[in-house]
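Observations on the three-dimensional arrangement
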Amino acid sequence: MAKDIYLVAHGEARHHVEGLVGGWYDSDLTELGQRQAEAVARRIAELVGEAPVEIHSSDLRRAAQTAAPIAQALRAKVTHWSDLRERSYGVAGGRPDAWLEERFVPAPEDGRLDHRDGLDEAETKREFATRIYRAMDQIAQSPGPTQVVVTHGYAVTFAIAAWIRMPLEAVGWVNFRSSAAGISRLSEDDRWLNRNVLSLNDVGHLAKVAF
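Given the structure is predicted, the values throughout are model-derived calculations rather than measurements.

From N to C terminus, the protein chain includes 6 helices and 6 strands. Along the protein chain, helices (α) and strands (β) appear in the sequence β-α-α-β-α-β-α-α-β-α-β-β when read from the amino end. Taking 17 Å as the expected radius of gyration for a compact globule of 211 residues, we find that the protein chain reaches 17 Å, a close match to that expectation. By the burial criterion, 50% of the 211 residues in the protein chain qualify as buried. In the protein chain, once contacts between residues fewer than 6 apart in sequence are set aside, the share between residues at least 24 apart is 72%.

All right, on to the pairing of strand S1 (residues 3-9) then. Here S1 lies mainly inside the structure; 6 of its 7 residues are buried. As paired elements, S1 and strand S5 (residues 183-188) share 6 bridges and run antiparallel to each other. If you follow Asp4 over to S5, its bridge partner there is Ser187. When S1 meets strand S4 (residues 146-151), the two strands line up parallel, connected through 6 bridges. Of the residues in S4, the one forming a bridge with Asp4 is Thr146.

A grouping of Ile164, Val197 and Leu200 is seen on the molecular surface, where their side chains present a nonpolar patch of about 220 Å² in accessible area. If you trace the backbone, Ile164 turns up in the loop between helix H6 (153-163) and S5.

Further remarks concern helix H3 (residues 61-74). Spacing of three or four residues puts side chains on the same side of an α-helix, whose turn is 3.6 residues. Its 14 residues give H3 an end-to-end C-alpha distance of 20 Å, which sits within 8% of 20 Å, the value for a rise of 1.5 Å per residue. By the burial criterion, the buried members of H3 are Arg62, Ala63, Thr66, Ala67, Pro69, Ile70, Ala71 and Leu74. Within two residues after H3, Arg75 carries a phi angle of roughly 55°, on the positive side.

This brings us to the environment of Ala2. Take Ala2: it is sitting in the segment before S1. With a relative accessible area of 34%, Ala2 lands in the partly exposed category. Note: C-alpha distance between Ala2 and His115 (113 residues apart in sequence) is 37 Å. In contact with Ala2, other than residues within four places in its own chain, are Pro145, Glu188, Asp189 and Asp190.

With that settled, the discussion passes to the packing of helix H2 (residues 31-48) against H3. The geometry of H2 relative to H3 is characterised by a closest axis approach of 8 Å and an angle of 35° between their N-to-C directions. Viewed along their axes, H2 and H3 form a crossing whose handedness is right-handed. Between H2 and H3, the residues in contact are Gln34, Ala37, Glu38, Val40, Ala41, Ile44, Ala45 and Val48 and Gln65, Thr66, Pro69, Ile70, Ala73 and Leu74, respectively. Of the residues assigned to the contact of H2 with H3, the class counts are 10 nonpolar, 3 polar and 1 charged.

Let us look at the nonpolar core. Judged by nonpolar contacts, the single largest core of 35 residues is most densely connected at Met136 and Val171. Take this core: its biggest share by element is 9 residues, from H6. Counting 22 residues, the second-largest nonpolar core is a separate cluster that includes Leu32, Ala67, Val148 and Val209.

What counts and what doesn't
Residues numbered from 1 in each chain as written. Predicted model: local features only at pLDDT ≥ 70, side-chain atom pairs only at ≥ 80, totals over all residues. Heavy atoms only, no water. Helix = DSSP H or I, 4+ residues; strand = E, 2+ residues; numbered from the N terminus. Rg over C-alpha atoms; globule rule 2.2 N^0.38 Å. Buried < 20%, exposed > 50% of the residue type's maximum accessible area, 1.4 Å probe, protein only. Contact = heavy atoms within 4.5 Å. Pairing = 2+ DSSP bridges. Patch = residues over 30% accessible without salt bridge, like charges linked within 9 Å, V, L, I, M, F, W, Y side chains within 5 Å. Areas by Shrake-Rupley, 256 points an atom, 1.4 Å probe, with all protein chains shown as cover. Salt bridge = Lys/Arg side-chain N within 4 Å of Asp/Glu carboxyl O. Expected span 1.5 Å × (residues − 1). Axes fitted to C-alpha atoms, helices over the stretch in contact; angles between N-to-C directions. Left-handed = near helix turned anticlockwise from the far one by under 90°. Nonpolar A, V, L, I, M, F, W, Y, C, P; charged D, E, K, R; others polar. Core = buried A, V, L, I, M, F, W, Y, C linked by side-chain atoms within 4.5 Å.

The values reported here are purely geometric and, on their own, carry no functional implication.
Here's what the structure looks like:
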């Protein structure tokens, strides 16, 4: 079965403008972030048309608040996943960015997947990627031909890696950058079963959103 997935990074959140570490810190969208989410909803509605859609979202508020107008525009329900959360930065979550910078330990050449950046209770990339892979595998197995997945900027990297079946051992070196409210489009054709990245971090729908 052919499948289209619209992968969305949540809009601007309060921790962005307040200079705080995100991760599992559960901040809300800003007013700009809400307008970005509405722009995402309009754009995806244009792309999807009348096709039935499944919507999957991280359960953190900033992602859920981004998914809400999409669900309203598409007249669909949202399934919330803790596995689609951003990486946990452990004790750094919600603290000033400067606090993190003072304590951050860069990953070594070897052991990148299992490094915790010098932060107590932080997830390793292996732990982070494993749960994103788990969520994306379950979402891909769902029969819906059109799906929207709302997650976080860093999590987008591992969602794409999971989609293209990149081996887990290789993800310590990959990064697909996504802006707030960026849309990436993934697809699988129904003949060759190739998994494609059709677009990455499309932000054209944000051109008329005031900053």
